[in-house]
Each structure stands twice: as structure tokens, then as C-alpha cells.
Amino acid sequence: MIYFITGGARSGKSSYAQKEALSLSDNPVYVATANVMDAEFEQRVTRHKADRDERWTALEEPMHVSKLPIADRVVVVDCVTLWLTNFFLKYEQDIHASLDALKKEIDELDNHPGTFFIVSNEIGMGLHADTEMGRKFVDLQGWANQYIAAKAKKAVFMVAGIPVFVKS
Ligand SMILES: Nc1nc2c(ncn2[C@@H]2O[C@H](COP(=O)(O)OP(=O)(O)OP(=O)(O)O)[C@@H](O)[C@H]2O)c(=O)[nH]1
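Q: I tried to follow the packing of aromatic side chains on my own but got confused; where do I start?
A: Here a ring pair, both rings aromatic, is described through the centre-centre distance and the interplanar angle of the planes. For the coordinates displayed, the defined rule picks out four aromatic pairs. A centroid spacing of 6.5 Å and a plane angle of 80 degrees characterise the contact between Tyr 30 and Trp 56, whose relative ring orientation is edge-to-face. Residue Tyr 30 is located in strand β2 (residues 29-32), and its partner Trp 56 is located in the loop between α2 (39-51) and β3 (57-60); the two are separated by 26 residues in the primary sequence. As far as the burial class goes, Tyr 30 and Trp 56 line up, both buried. When the centroid spacing of 5.4 Å and the interplanar angle of 70 degrees are considered together, the rings of Phe 88 and Phe 137 count as edge-to-face.

Below is the structure:
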């Protein structure tokens, strides 16, 4: 089962997803799709690792999340934006190939018996991208979010740390 959690940067998406996962399981899994890109991000990741206690199993997988040994677990997948970025780079900015790859992953997860809290970003609500690549990525993110939200049992939009239920 898929639960979709979206919102802006630092809106509290990850904390909310983790709290929900812990309400269902004493040993949830955290899947990070992020590749560590620079020193500032590495510091963030170090803080996130320190924030997760011993109940969590953490896995790092930039693309093939559905192939991880998580099929029957309660899982937080954080986040779709970096997951898509990894496909977008692999497929040389081809948004159709990137979207297809992400959709396949989502379909696989949806066929598993586990519970998946999938965290994303509403990047289309920010400033209009001023490059072609940026605009393509905003489209890709928007389509991916619509696809996941349509499959999800519930969808939440995080605003200033508060969950707004947009599908329940
Ligand atoms: N590689 C790796 N990345 C991690 C790990 N823990 C967290 N992350 C990444 O950290 C990112 C989330 O952190 P932030 O950028 O600080 O959070 P945010 O999404 O802006 O803010 P919130 O809305 O509050 O969740 C996600 O993309 C995760 O993939 C980890 O153990 N390893």
C-alpha cells in the first residue's frame, strides 16, 4: 500500500512520514534515494542518520528501490525528487524514459504486500524555472507526483509541519 506525502522544502515531510511509519512498525525501513553531492548535503545526511534511532534499518538506493529486500516491510522512501534526478541523469534528460522508469518502480512497490510512505516535493509551486532543463524537470516531477498520488491510498500535503489531507 502506498501513502503519498508531498510539500515544499523543510515543510516537515520526512518527519511526518517517519512518525507515521513508526506508528505502524517497531522496525521500519528508511530508503534514501539521495546521492551525497556536496559537503553541506553530507552534513544534512549525517544529522538525519543521527536522528533515526535503532528501530530503523537504513538503506541507500538511487534507482532500483523496488528490488531492495523491503517487500513486506513498513518503508519510508525519501525522496521522489532525487529518485527522479537519478533517472533524469541516467537517461540524459529524457523525461519520458525517466517517468517510465519511476512508474515501473512505483508499480512494483504497489504490488508488494508492504506499506510504503513515499515522500516527494511540490517543486512546481516555486519560481518558474529559467532553463529548459529546469522546466523539463518540473514537468517530470509534476507528472510523477500525479501518478503516485493516483495510486496512493492517502495523500498528504505538508504545510509548515502540518499535514493537510488531500486524499483520504
Ligand atoms: N544518502 C543518504 N541520504 C539521506 C539519508 N538520510 C536522509 N537522506 C536524504 O536527505 C534528504 C532529506 O533531507 P532534507 O533535504 O534535509 O529535508 P527536506 O526534504 O528539505 O525537508 P522536510 O520537508 O522537512 O523533510 C532526502 O533526500 C534523503 O534521501 C541517508 O542515510 N543517506
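Q: It is not clear to me how a nonpolar patch on the surface should be interpreted in this structure. Could you clarify?
A: Residues Val 159, Val 164 and Val 166 make up a contiguous nonpolar surface patch of about 230 Å² in total accessible area. By secondary structure assignment, the location of Val 164 is in strand β7 (residues 162-167). Classification of Val 164 by relative accessible area gives partly exposed; the value is 36%.

Q: Is there a simple way to think about the nonpolar core in this case?
A: In a soluble, globular protein the nonpolar side chains are often hidden away together inside. With 29 residues, the main nonpolar core has Val 65, Ile 70, Trp 83, Leu 102, Ile 118 and Ile 148 as its most contacted residues. Element by element, the count of residues in this core is highest for helix α4 (residues 95-111), at six residues. Within the second largest apolar cluster, 15 residues are counted, among which are Tyr 3, Trp 56, Cys 79 and Val 156.

Q: Just checking my understanding: could you explain the sheet that holds strand β1 (residues 2-7) for this structure?
A: Sheet strands associate in pairs through backbone hydrogen bonding, adopting either a parallel or an antiparallel arrangement. Read across the sheet, seven strands follow the order β3-β2-β4-β5-β1-β6-β7 without closing on themselves; strand pairing throughout is mixed. For this open sheet the edge positions go to β3 and β7, each flanked by a neighbour on one side alone. On average, each strand axis in the sheet is tilted by 20 degrees relative to the strand beside it, whichever way the strands run. Pairing of β1 with strand β6 (residues 154-159) involves five bridges; the strand directions are parallel. Residue pairing in the sheet places Phe 4 in a bridge with Ala 155 of β6. Sheet contacts for helix α5 (residues 132-151): β1, β5 (115-119) and β7; angle to β1, the most-contacted strand, approximately 140 degrees.

The rules behind the values
Residues numbered from 1 in each chain as written. Predicted model: local features only at pLDDT ≥ 70, side-chain atom pairs only at ≥ 80, totals over all residues. Heavy atoms only, no water. Phe/Tyr/Trp six-rings, centres within 6.5 Å; stacked < 30°, edge-to-face > 60°. Helix = DSSP H or I, 4+ residues; strand = E, 2+ residues; numbered from the N terminus. Buried < 20%, exposed > 50% of the residue type's maximum accessible area, 1.4 Å probe, protein only. Patch = residues over 30% accessible without salt bridge, like charges linked within 9 Å, V, L, I, M, F, W, Y side chains within 5 Å. Areas by Shrake-Rupley, 256 points an atom, 1.4 Å probe, with all protein chains shown as cover. Salt bridge = Lys/Arg side-chain N within 4 Å of Asp/Glu carboxyl O. Core = buried A, V, L, I, M, F, W, Y, C linked by side-chain atoms within 4.5 Å. Pairing = 2+ DSSP bridges. Axes fitted to C-alpha atoms, helices over the stretch in contact; angles between N-to-C directions. Contact = heavy atoms within 4.5 Å.

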